[in-house]
Amino acid sequence: MILGNWSVRIGGGALAALVLIALAAPWLGTVDPTLFDAASRDLRPGEAGEITDLDGETMKHVFLMGSDSFGRDVYSRVIYGTRVSLLVGILCALLALSIGIVCGLASGYLRWLDGLLMRFMDGLMAIPAILVAIALVAMWRGSLATVVVAIAIPEIPRVTRLVRSLVLTIREEPYVEAAIALGTPTRKIMFGHILPNCIAPLVVQATYICAFSILVEAILSFLGVGLPPDIPTWGNVMAEGRAQFNDYPHNIFFPGVFLAATVLAVNILGDGLRDTLDPKMAKRV
Amino acid sequence: MLTFILRRIAATVPVLLIVAVLVFLVLRLAPGDPAAILAGDAASTEQIARIRTGLGLDRPILAQFGIWIGNVLQGDLGESFYYKTKVATLIGQRLEPTLALSTLTILIAVAVAVPLGVLAAWRFGGWFDRALMGLSVLGFSVPVFVLAYILIYVVSLRLGLLPVQGYQRIGDGFWTFLRHLVLPSVTLSVIYIALIARVTRASVLEALGEDYIRTARAKGLPEIRVLVHHALANAAVPIVTVIGIGIALLIGGVVVTESVYAIPGLGRLTVDAVLARDFPTIQGVILFFSFAYVLINFLIDLSYVFLDPRIRY
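Residues numbered from 1 in each chain as written. Chains lettered and ligands numbered in written order. Predicted model: local features only at pLDDT ≥ 70, side-chain atom pairs only at ≥ 80, totals over all residues. Heavy atoms only, no water.

1. Things to note about the interface of chain B and chain A
Next up, step 1: Taken residue by residue, the interface counts 43 residues in chain B and 41 residues in chain A.
Next up, step 2: Buried surface at the junction of chain B and chain A, both sides included, amounts to about 3,600 Å², of which 80% is carbon and sulfur.
Next up, step 3: If you sort the residues of chain B by the area they bury against chain A, F145, Y149 and R277 of chain B come out on top, with a joint share of 17%.
Next up, step 4: Counting across the chain B and chain A interface gives one salt bridge.
Next up, step 5: The partner of R198 of chain B in a salt bridge is D271 of chain A, with the nearest N and O atoms 3.9 Å apart. (Contact = heavy atoms within 4.5 Å. Buried area = accessible area lost by both parts, 1.4 Å probe. Salt bridge = Lys/Arg side-chain N within 4 Å of Asp/Glu carboxyl O.)

Here is the structure:
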């Protein structure tokens, strides 16, 4: 039923292709994305040049997407950048989801905690997401772990709110009342009876968090406050190309197209999943 | 009405307080001595010691928060060691470009998105509706800086119609001011247009299913009047709400857009402050943006009274 939806097919297919690209990066005619060669600086897309590997050996290489101002191969950096972006997107979604689920279940089920926890979440939501991420990265300095945590934290309140509202509806259902009457422990009711019924909307939410996280990671890298500049991410490639944009726009355009296509694929997949898994929500939006 | 306003203020204060606590914690949770971080890399031992006693860093954390929030409430956001001025003054200096950019962006977004959304709802399921919904997903997905460079490339570099980047103060002449602001605002408005158009379409669609629409059509009103006076008027509350919620997206976009277009506003200040690890400025800007966001949404809540006469507080 899910695979019958065209949005799921298109978004999922494009995403699967990107995952394949990420996994197969070393065999797609790429070189080590950190290699550079002073003789091959600022080549235009498709031009041939040379690149020196770590042993100091020079080899011929065609720069499909040109090279940057250090003489690095933009094609290799973009292809390897797929790995970083997908990894960040998936990790952020998983992290925000798991913390949000625990907070949401606790808030929806334990009344004494509800007020305090939800006021805290309201406060966190009042700070625009990118600012939270920027402040946290400024605090910790950029690495994969800190960037993932920094991007995931502002997403937690949204998950918490979603889970909480689901819990509040589901806990009134007869089967939950029956479980309570049978003396089932609270923990088992929360994770065994209530959580399984929240899964469909959570899967949909996870795809949106994934898409947004990929965007924010690229923004952080682009602004120079994300992952260190030698790591091949789409944001870093674009940040490097900024200064020479007038003469060599390829440094911005190729990673930009990949970034937009990835986020679009995840968003389309999310819309398709929403329509098939959660018809009530589809009607509302 | 007055009780409602008071109740609404009472609900807003805890949110602002938690925002303040979180912003306060940014510095305390950063690795290293807060006084040394605040003073900057070039500070002397005496300067660091002065900051430590001034902020009560040798006292318990609650007392530290008390001192800090007391200063903030008096408008004292601390001093930037990087810019060597008061953070509050700094924010004041950088406010105009950001305010101009945001205002023009919202104007463009509303002017474009609302008619598109109404049209899509009117022709629900048709090619225009489907095209608009498809484009809105695209609008959500294209990163604002990629869009910025595409527009710079086409409009400024190829066609030479508008300046590539920079900002002119409104005092230097309205025409040049506007010419520099058009491209950044259009860039920033795209995601906003996608958001508002979707919500407009959904809420107009809901209104179009109501009995009063059938009545209006039955008494022979022209279709445009039915759409604007009956459907859109009844769909106003969700649309205004989403404009308010979208301010968070807008602020995020401002940070990026100002960096790309070299606009000396608050967004650019945020990035520069982070790059210089200028914590007083980072704290000040985040506090300012968040308070503005909460305040705007508070005002929007109040505006429902005028938009929907059925709402009485």
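2. Quick notes on the pairing of strand β1 (residues 47–52) of chain A
Residues and elements named next belong to chain A.
Next up, step 1: Relative to strand β2 (residues 58–63), β1 runs antiparallel, the two sharing six bridges. Directly across from G49, in β2, lies its bridge partner H61.
Next up, step 2: What sits between the antiparallel neighbours β1 and β2 is a turn of five residues, in which G56 has the positive phi angle 85°. (Pairing = 2+ DSSP bridges. Helix = DSSP H or I, 4+ residues; strand = E, 2+ residues; numbered from the N terminus.)

3. Some details on the confidence of the model for chain A
Next up, step 1: On average, residues of chain A score 84 in pLDDT, and 96% of them are at 70 or above.
Next up, step 2: Within chain A, the lowest mean pLDDT, 52, falls on helix α12 (residues 279–284) of chain A, and the highest, 92, falls on helix α5 (residues 144–152) of chain A. (pLDDT = per-residue confidence, 0-100.)

4. A few points about the confidence of the model for chain B
Residue and element names in this part refer to chain B.
Next up, step 1: A residue-level look at chain B finds 99% of positions with pLDDT of 70 or above and a mean pLDDT of 86.
Next up, step 2: Of all the helices and strands in chain B, helix α2 (residues 34–39) carries the lowest mean pLDDT, 76, while helix α5 (residues 87–122) carries the highest, 93.
Next up, step 3: Our summary of model confidence lists the complex with pTM equal to 0.88 and ipTM equal to 0.86.

5. Describing the packing of aromatic side chains
Next up, step 1: Overall, the coordinates contain eleven aromatic pairs over all chains when judged by the stated rule.
Next up, step 2: For the pair F222 of chain A and Y149 of chain B, a centre-to-centre distance of 6.1 Å together with 75° between the ring planes defines the contact as edge-to-face. Remark: Y149 of chain B occurs in helix α7 (residues 144–158) and F222 of chain A occurs in helix α9 (residues 199–223); the pair is interchain, linking two chains. Here the two residues F222 of chain A and Y149 of chain B agree in accessibility, since each one is buried.
Next up, step 3: Arranged with centres 5.7 Å apart and planes meeting at 40°, the rings of F174 of chain B and F177 of chain B form a pair that is tilted. On the criterion of helical spacing, the pair formed by F174 of chain B and F177 of chain B is a turn pair, its members being three residues apart in helix α8 (residues 174–208).
Next up, step 4: F174 of chain B sits in the exposed class, given a relative accessible area of 51%.
Next up, step 5: You can call F177 of chain B buried: its relative accessible area is 6%.
Next up, step 6: In textbook terms, an aromatic cluster arises when at least three aromatic residues are bridged by ring pairs, as seen for F222 of chain A together with F145 and Y149 of chain B.
Next up, step 7: When the ring centre of Y109 of chain A is taken as origin, the NZ or CZ atom of R171 of chain A, which lies over that ring, is 5.3 Å away.
Next up, step 8: For the cation-ring pair, R123 of chain B lies above W122 of chain B, with the distance from its terminal atom to the ring centre recorded as 4.0 Å. (Phe/Tyr/Trp six-rings, centres within 6.5 Å; stacked < 30°, edge-to-face > 60°. Buried < 20%, exposed > 50% of the residue type's maximum accessible area, 1.4 Å probe, protein only. Lys NZ or Arg CZ within 6 Å of the ring centre and 35° of its normal.)

6. Here's the deal with helix α11 (residues 236–260) of chain B
Residues and elements named next belong to chain B.
Next up, step 1: In this model, α11 (25 residues) spans 34 Å end to end at C-alpha, consistent with the 36 Å of a helix rising 1.5 Å per residue.
Next up, step 2: The largest bend in α11 is about 35°, located at I247.
Next up, step 3: Among the 25 residues that make up α11, 21 are buried, leaving the element largely enclosed by the rest of the structure.
Next up, step 4: Of the residues one or two after α11, A262 is the one with positive phi, at around 50°. (Expected span 1.5 Å × (residues − 1). Bend = angle between axes of the 7 residues up to and from the residue.)

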